[in-house]
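# Summary of the model geometry
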Amino acid sequence: MALKVKLVKSFAGASSDMLDTIRGLGLKKFGEERILKDTPAIRGMWFKVKHLVTLETVSGEAPAPKRRKPAKVALRERAIAYQVKQQQA
């Protein structure tokens, strides 16, 4: 099972704890939705900001989060690829 969390009210004037919780849910803009795993931690975060977000249970699994390489590693790989390309030309 998964949960669809949507930011339906503005978080202007909210405390820093609430802002951190909204960011932790992965919400950045008004009207944005995220599909998350149904875990006690996510439900606790929702409970803290339930006056700002809606929660809906959806069937199926939540998509796996995409992992990004650290900027330092990505930059190094691009530099190596560029050097190889220059040597071939």
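Provided above is the structure to which this section pertains.
What this report covers is the structure whose coordinates are included nearby. For every chain, the first residue of the written sequence is number 1, and numbering continues from 1 onward in sequence order. Under the rules for a predicted model, residues below a pLDDT of 70 receive no local features and side-chain atom pairs below 80 are neither given nor counted, while totals for whole chains, interfaces and linings still include all residues. Side-chain measures were taken over the full set of non-hydrogen atoms in the model, leaving aside hydrogen atoms and water.

On to the overall build of the chain. Secondary structure counts use DSSP, requiring at least four H or I residues in a row for a helix and at least two E residues in a row for a strand, with both numbered from the N terminus. A count of helical and extended segments in the chain gives three helices and three strands. Walking the chain from its N terminus toward its C terminus, one meets helices and strands in the order β-α-β-α-β-α. Only the C-alpha atoms count toward the radius of gyration. The rule for a globule is 2.2 Å times the residue count to the power 0.38. Scaling as 2.2 N^0.38, a compact globule of 89 residues should have a C-alpha radius of gyration of about 12 Å, whereas the chain reaches 19 Å, well beyond that. With respect to the three principal axes, the spread of C-alpha positions in the chain is 60 × 35 × 20 Å. Residue contacts follow a heavy-atom distance rule, with two residues in contact if any of their heavy atoms lie within 4.5 Å. Here the analysis covers contacts within the chain between residues at least 6 apart in sequence; of these, 71% occur between residues at least 24 apart. For accessible areas, the Shrake-Rupley method is used with a probe of radius 1.4 Å. Any residue's cover is judged against the shown protein chains and nothing else. As presented, the chain carries roughly 7000 Å² of accessible surface, and 57% of it is formed by carbon and sulfur atoms. Of note, the chain has its 19 positive side-chain charges centred 8 Å away from the centre of its 8 negative side-chain charges. Charge assignment: positive for Lys and Arg, negative for Asp and Glu; neither His nor the chain ends contribute. Charged groups are reduced to one reference atom each: NZ for lysine, CZ for arginine, CG for aspartic acid, CD for glutamic acid.

To continue, consider the layout of surface pockets. Any space left empty among the atoms is revealed by the rolling of a water-sized probe across them. Looking at the largest pocket, its volume works out to about 200 Å³. Lining residues are those with an atom within 4 Å of a point, where the points come from a 1 Å grid over the protein atoms alone and group into cavities, where a 1.4 Å probe fits but cannot get out, or pockets, open sets with protein on both sides within 12 Å along at least five of seven lines. Lining the largest pocket, in full, are Arg34, Ile35, Leu36, Lys37, Ala62, Pro63, Ala64, Pro65 and Lys66. Partitioning the lining of the largest pocket into residue classes produces six nonpolar, no polar and three charged. Grid points are joined across faces, edges and corners, and a volume is the space filled by probe spheres set on the points. Each residue is assigned to one of three groups, with Ala, Val, Leu, Ile, Met, Phe, Trp, Tyr, Cys and Pro labelled nonpolar, Asp, Glu, Lys and Arg labelled charged, and all others, Gly among them, labelled polar.

A few words on the nonpolar core. Throughout, nonpolar core names a set of buried Ala, Val, Leu, Ile, Met, Phe, Trp, Tyr and Cys residues whose side chains join them through atoms within 4.5 Å. We call a residue buried when its accessible area falls under 20% of the maximum for its residue type, exposed when it is over 50%, and partly exposed in between, using a 1.4 Å probe and counting protein chains only. Among the nonpolar cores identified, the biggest contains eleven residues, and these are Leu3, Val5, Leu7, Ile22, Leu25, Leu27, Leu36, Ile42, Val49, Leu52 and Val53. It is strand S1 (residues 2-7) that provides the largest number of residues to this core, a total of three residues. Discounting residues that sit within four places of it in the chain, isoleucine 42 has contacts with Leu3, Leu25, Leu36 and Lys37.

As a further point, take the pairing of S1. Alignment of S1 against strand S2 (residues 33-37), held across five bridges, turns out to be antiparallel. Looking at the pairing, valine 5 lines up with arginine 34 of S2. As paired strands, S1 and strand S3 (residues 53-58) are joined by six bridges and run antiparallel to one another. Note that in S3 the partner of lysine 6 across the bridge is threonine 54. A pair of strands is considered paired only if DSSP assigns at least 2 bridges between the two.

Definition used for salt bridges: Asp or Glu carboxyl oxygen within 4 Å of a side-chain nitrogen of Lys or Arg. All told, the structure shown has three salt bridges when counted by the stated rule. One salt bridge in this structure joins lysine 69 and glutamate 77, with 2.6 Å as the shortest N-O distance.

Positionally, alanine 62 belongs in the loop between S3 and helix H3 (71-88). Alanine 62 sits in the buried class, given a relative accessible area of 15%. Considering only alpha carbons, one finds alanine 62 and methionine 1, 61 residues apart in sequence, at a separation of 7.5 Å. When sequence neighbours within four positions are dropped, the list of residues in contact with alanine 62 reads Ala2, Ile35, Leu36 and Lys37.

It is worth stressing that arrangement in space is one thing and function is another; only the former is reported here.
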